[in-house]
Amino acid sequence: MADEPLVLGIETSCDETGVGIVRGTTLLADAVASSVDDHARFGGVVPEIASRAHLEAMVPTIERALKDAGVSARDLDGIAVTAGPGLAGALLVGVAAAKAYAYALGKPLYGVNHLASHICVDQLEHGKLPEPTMALLVSGGHSSLLLAPDITSDVRPLGSTIDDAAGEAFDKIARVLDLGFPGGPVIDRLAKEGDPAAIAFPRGLTGSRDPAYDFSFSGLKTAVARWIEAKRAAGEEVPVRDVAASFQEAVVDVLTRKAVRACRDEGVDHLMIGGGVAANSRLRALAQERCERAGIRLRVPRPKLCTDNGAMVAALGAEMVARNRPASDLELSADSSLPVTDPHVPGAGTGDHGHGDGHGHEHSHDHDHVHEISKKNLYS
């Protein structure tokens, strides 16, 4: 274990400041500072508020993670950070912080993909990923089916949402039902007391001529909202628990059906589910049921690792180090629309670990007074 790479990961793609530290596939620390309460009164994430919250939380969260892991910043073998996709301003805070720490510590920098990180985090729960891995990623911004022959260099999109993501639909229906934000956890809780067969809500893109692996939840969202509006217009009480259960069943039915089909079609006997919605209890139960019937092994991380966190970024960073993937340049930029086909953003140099000029020339910091001050502050 001592020979495995020790990597710190920073995640700031949305409203949570996550800092994780892993050694190989072992999780040492997972510190999170969430600004979700600051967004609740707006019914969704406000980018400017998220960015400011990241600025305030960054250094304390990194210090907490180092303390929890029982390691010094000097012990690290690399710094990994979410370079995209996500909210541009939020990403910039994380990338700037990672670049500062990498520069001051003289450590390699790895700008990694948020979605690939959600897949790689399962290594902290269930060991090395099989190759290839079929992954269903479900969150507030993404609903995707991905085939990953190599999580560090080869991730292939099979299908994705063409409109609302599943988590986004949960939030919008919760808003219609006056359940607050975020909507996923409260709908999951109420659905346990409702009848999932009470209301026949539609299953989007499940016809014989529809794309096999794409998702659409906008029509479902509209159907549920209109059903609720009709009840209220008629002066009738809305059966909130039955609505929650029936809506949730429509979502997880489509997600699991398409994921199992993709595994069968591609000849893959493993399915990994990640992203914030992977914490949903009904999604986990139905996926387990359908995977068992199909002879597919299901891998789902514990709920805390499904939501955005720094541990997933550190996990992918550690895998990059272990497989000798090229580090990123210190000119690394945040990319709010970074495609999942780019698991990480390598540097332009020739193995200079982000400290060259892009032409294989090393930059010396021996006489850089600012650099020495930065080192002192980070080590203290």
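All of the points below concern the structure found in this document. Every value quoted in this text rests on a predicted model; they were computed, and no experiment measured them. (Residues numbered from 1 in each chain as written. Predicted model: local features only at pLDDT ≥ 70, side-chain atom pairs only at ≥ 80, totals over all residues. Heavy atoms only, no water.)

### Re the packing of helix H7 (residues 183-191) against helix H9 (residues 240-266)
Angle between the axes and distance between the axes are the two parameters that describe a pair of packed helices. Operational definition: Interaxial angle, 0 to 180 degrees, is taken between N-to-C directions of lines fitted to C-alpha atoms, where a helix line uses only the stretch in contact. Secondary structure is summarised from DSSP: a helix means a run of H or I of at least four residues, a strand means a run of E of at least two, and numbering begins at the N terminus for each. What sets the label is the angle itself: under 35 degrees gives roughly parallel, over 145 gives roughly antiparallel, 65 to 115 gives roughly perpendicular, and the rest give oblique. Pairs of residues are marked as contacts when any of their non-hydrogen atoms sit within 4.5 Å. Asp, Glu, Lys and Arg are counted as charged, while Ala, Val, Leu, Ile, Met, Phe, Trp, Tyr, Cys and Pro are counted as nonpolar; the rest, among them Gly, fall into the polar class.
Packing of H7 against H9 brings their axes to within 8 Å, and their N-to-C directions diverge by 110 degrees. Accordingly, the angle class assigned to the pair H7 and H9 is roughly perpendicular. Here Ile187, Asp188, Leu190 and Ala191 of H7 lie close against H9, whose contacting residues are Val240, Arg241, Ala244, Ala245, Phe247 and Gln248. Classifying every residue of the contact of H7 with H9 gives seven nonpolar, one polar and two charged.

### A closer look at the sheet that holds strand E7 (residues 143-150)
Operational definition: We treat two strands as partners when DSSP finds at least two bridges between them.
Spatially, the five strands line up as an open sheet ordered E8-E7-E6-E9-E10, and their pairing is mixed. Only two strands of the sheet have a single partner each, and these edge strands are strand E8 (154-160) and strand E10 (297-299). Strand-to-strand twist in this sheet, taken as the mean axis angle between neighbours without regard to direction, amounts to 25 degrees. Looking at chain direction, strand E6 (residues 133-138) and strand E9 (residues 270-274) are connected through four bridges and run parallel. Within E9, the position partnered with Leu136 by the bridge is Ile273.

### Here we look at the side chain of Ser143
Test applied: Relative accessible area decides the class of each residue, using a 1.4 Å probe on protein chains only: under 20% of the type maximum gives buried, over 50% gives exposed, and in between gives partly exposed. The term polar contact refers here to a pair of N or O atoms within 3.5 Å; inside protein, the definition further demands a hydrogen-donor-capable atom paired with an acceptor-capable atom, and it admits residues adjacent in sequence only when both atoms are side-chain atoms.
In this fold, Ser143 is placed in strand E7. Look at Ser143 and you get buried, because its relative accessible area is 1%. At 2.9 Å, the side chain of Ser143 and the backbone nitrogen of Ala166 are in polar contact. Beyond its immediate chain neighbours, meaning those up to four positions away, Ser143 contacts Leu137, Val138, Gly159, Ser160, Thr161, Ala165, Ala166, Phe215 and Phe217.

### What to know about the environment of Pro196
Turning to its location among the elements, Pro196 is positioned in the loop between H7 and helix H8 (218-233). The class of Pro196 is partly exposed, set by a relative accessible area of 39%. Setting aside residues no more than four positions away along its own chain, Pro196 makes contact with Ala245, Ser246 and Glu249.

### Some thoughts on the pattern of salt bridges
Where we set the bar: Put simply, a salt bridge is a Lys or Arg side-chain nitrogen that is within 4 Å of an Asp or Glu carboxyl oxygen.
Per the counting criterion, the structure on display carries 21 salt bridges. A salt bridge links Lys231 to Glu236; the shortest N-O distance between them is 2.8 Å. By relative accessible area, which is 41% here, Glu236 ends up partly exposed. Taken together, the salt bridges that share partners define one network made up of Lys128, Glu131, Asp150, Glu319, Arg323 and Arg325.

### Side note on unusual backbone geometry
For the bond from Gly84 to Pro85, the omega torsion is -10 degrees, close enough to zero to count as cis. If you trace the backbone, Pro85 turns up in the loop between strand E4 (78-84) and helix H3 (88-105). Of note, the bond from Glu131 into Pro132 is cis; its omega dihedral lies within 30 degrees of zero at 5 degrees. For Pro132, the location among the structural elements is in the loop between helix H5 (123-126) and E6. Positioned with a positive phi, Asp178 is a non-glycine residue whose angle comes to about 60 degrees. Residue placement: Asp178 occurs in the loop between helix H6 (166-176) and H7. Not every positive phi belongs to a glycine, and Asn324 is a case in point at roughly 55 degrees. By secondary structure assignment, the location of Asn324 is in the loop between helix H12 (310-322) and strand E11 (344-345). Residue classification places Asn324 among the exposed residues on the basis of a relative accessible area of 68%.

### Topic: the state of the cysteines
Put simply, the rule is: The disulfide criterion used throughout: a pair of cysteine sulfur atoms within 2.5 Å.
Within this structure, the stated rule accounts for zero disulfides. Cysteine Cys120 remains unbridged, with the sulfur of Cys306 as its closest cysteine sulfur at 14 Å. Residue Cys120 is classed as buried on the basis of its relative accessible area, which comes to 0%.

### Digging into the packing of aromatic side chains
Applicable threshold: Stacked, tilted and edge-to-face are the three classes applied to pairs of Phe, Tyr and Trp rings, where Trp contributes its six-membered ring and a pair requires centres within 6.5 Å; stacked means planes under 30 degrees apart, edge-to-face means over 60, and tilted covers the rest. The criterion for a charge sitting over a ring is simple: Lys NZ or Arg CZ within 6 Å of the ring centre, and within 35 degrees of the ring normal.
Scanning the model with the defined rule gives three aromatic pairs in all. Summarising the aromatic geometry, the rings of Phe170 and Phe247 are spaced 5.1 Å apart at their centres and angled 70 degrees between planes, so their arrangement reads as edge-to-face. Here Phe170, found in helix H6, pairs with Phe247, found in helix H9; they are 77 residues apart in sequence, far enough to count as distant. Here the two residues Phe170 and Phe247 agree in accessibility, since each one is buried. A centroid spacing of 6.3 Å and a plane angle of 85 degrees characterise the contact between Phe201 and Trp227, whose relative ring orientation is edge-to-face. One end of the pair, Phe201, is in the loop between H7 and H8; the other, Trp227, is in helix H8, with 26 residues separating them in the sequence. A cation over an aromatic ring shows up here: Lys258 above the ring of Phe215, its NZ or CZ 5.8 Å from the ring centre.

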